[in-house]
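Listed below, chain by chain, are the residues.
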Amino acid sequence: MRKLLDTHVDFIVVMEATGVYHQGVAHYLYQHGYAVCIRQSGRVKRYAQSLDQRSKTDALDSRMLSMHGLERDLRLWHPPGKCLQELKALSRERSALLKDRTVEKNRQDAKESCHHSNPKATKRHLARLKLINVQLASIEAEMRELVSKDPEVKSKLGFLQSIPGVSFISAATVVGETLGFESITNIKQLTSYAGYDVVLRESGSFKGKTRISKKDNSHIRGVLHMPSMACVRCNPTLKQFYNRLKPKKAKPLVALIAVQRKLLILMFTLWRNEENYDAGFEKKKQQRSKTLAAQDNKLIAQLVS
């Protein structure tokens, strides 16, 4: 490939994120010294739609990605650390087992409500439930051991765990799913990646329901449900935010989802700034704004006089 390249031109390989199938190619190219840029599938799809490209072939997709790379400001991709990659794999495995456990528990409830039950079938079912619980405990222990071996990840996870209501598993799952927020540059991109971006449907006098998109990473939304419920009880900042928002919404769940979004943003901020949670941050911010406003008013009064 290098024989075909113009040495006077910066060459970047642009590819679309396709689940896990692009990872092998991306790592191979990066190890051989190529600059790589991985674009989210949603952005690539919307760009293709803007070109009125209705057909889909490998040749057309390659041309479209090339045009996309030439027109956009690209952020180069760097392989995440081994700890973060393994943490993501473990969190995905844990999420799958939690779904399996829910299915088995529902089956158990159905068997108990049934008029006729088979003792041997019930025994096998309880054995499956026990095995799932054992594997869940094993995965969580492996996640803790993995983080303990990486001082940097352990230290940064401590900042997230300083938030009242956020457990180690919740923090580790969010960090694993985002690979340490490696490809996240701002809050808008983060909320869109987690599916918390708000979708408005309005046209003229018509006003549809306002919802979150629920696109992209559903694992983050799933793991933030329980921490958000804990935060509205014990977190000073998010509890006040929830109580202020709840009366304005038709359903309490809408306010709870807003808490999840705010919690995710808070985790991203603490990870990026490497700071512990400060319950008085909002009050300090308001006092600082009032002080600056008072100073500005004083300066304006001096200039006018």
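Keep in mind that this is a model prediction, so the values were computed, not measured.

What follows covers the overall build of the chain. Of regular secondary structure, the chain possesses 13 helices and 6 strands. Taking all 305 residues of the chain together, the buried fraction comes to 33%. In the chain, once contacts between residues fewer than 6 apart in sequence are set aside, the share between residues at least 24 apart is 63%.

Helix 7 (residues 168-177) packs onto helix 4 (residues 82-113) with a crossing angle of 115° between their chain directions and a minimal axis gap of 8 Å. Crossing of helix 4 against helix 7: the hand is left-handed. Each of Leu84, Leu87, Lys88, Ser91, Arg92 and Arg94 in helix 4 lies in contact with helix 7, whose residues at this interface are Ile169, Ala172, Thr173, Val175, Gly176 and Glu177. Split into classes, the residues belonging to the contact of helix 4 with helix 7 amount to 5 nonpolar, 3 polar and 4 charged.

Bringing helix 4 into the picture now. Here helix 4 contains 32 residues, and its C-alpha end-to-end distance of 47 Å stays within 8% of the 46 Å for a straight helix at 1.5 Å per residue. Check the buried side of helix 4 and you find it contacts helix 5 (119-148), helix 6 (151-161), helix 7 and helix 9 (218-223).

A separate point is the nonpolar core. Note on soluble globular proteins: their nonpolar side chains tend to be buried together. Leu224 and Met267 are the most contacted members of the largest nonpolar core, which totals 49 residues. When sequence neighbours within four positions are dropped, the list of residues in contact with Met267 reads Leu160, Ile163, Val166, Ser170, Ala171, Val174, Phe181 and Leu224. Counting 9 residues, the second largest nonpolar core, distinct from the first, contains Met15, Ala26, Val36 and Ile38.

Moving on, we come to the pairing of strand 1 (residues 12-16). Along any regular strand, the residues point their side chains to alternate faces of the sheet. Two strands pair when backbone bridges link them, and strand 1 and strand 2 (residues 35-39) are joined in this way by 5 bridges, in the parallel orientation. Looking at the pairing, Val13 lines up with Val36 of strand 2. Regarding the hand of the β-α-β motif, the stretch spanning strand 1, helix 1 (residues 23-31) and strand 2 is right-handed.

Turning to the packing of helix 7 against helix 12 (residues 252-273), a few remarks are in order. It is the contact of helix 7 with helix 12, at a shortest axis distance of 12 Å, that shows an interaxial angle of 75°. On the basis of the axis angle, helix 7 is roughly perpendicular to helix 12. Across from Ser170, Ala171, Val174 and Val175 in helix 7, the residues of helix 12 making contact are Leu264, Met267 and Trp271. Across the contact of helix 7 with helix 12, the residue classes tally to 6 nonpolar, 1 polar and no charged.

Conventions used here
Residues numbered from 1 in each chain as written. Predicted model: local features only at pLDDT ≥ 70, side-chain atom pairs only at ≥ 80, totals over all residues. Heavy atoms only, no water. Helix = DSSP H or I, 4+ residues; strand = E, 2+ residues; numbered from the N terminus. Buried < 20%, exposed > 50% of the residue type's maximum accessible area, 1.4 Å probe, protein only. Contact = heavy atoms within 4.5 Å. Axes fitted to C-alpha atoms, helices over the stretch in contact; angles between N-to-C directions. Left-handed = near helix turned anticlockwise from the far one by under 90°. Nonpolar A, V, L, I, M, F, W, Y, C, P; charged D, E, K, R; others polar. Expected span 1.5 Å × (residues − 1). Core = buried A, V, L, I, M, F, W, Y, C linked by side-chain atoms within 4.5 Å. Pairing = 2+ DSSP bridges. Right-handed = clockwise from strand over helix to strand, strands pointing away. Parallel < 35°, antiparallel > 145°, perpendicular 65-115°, else oblique.

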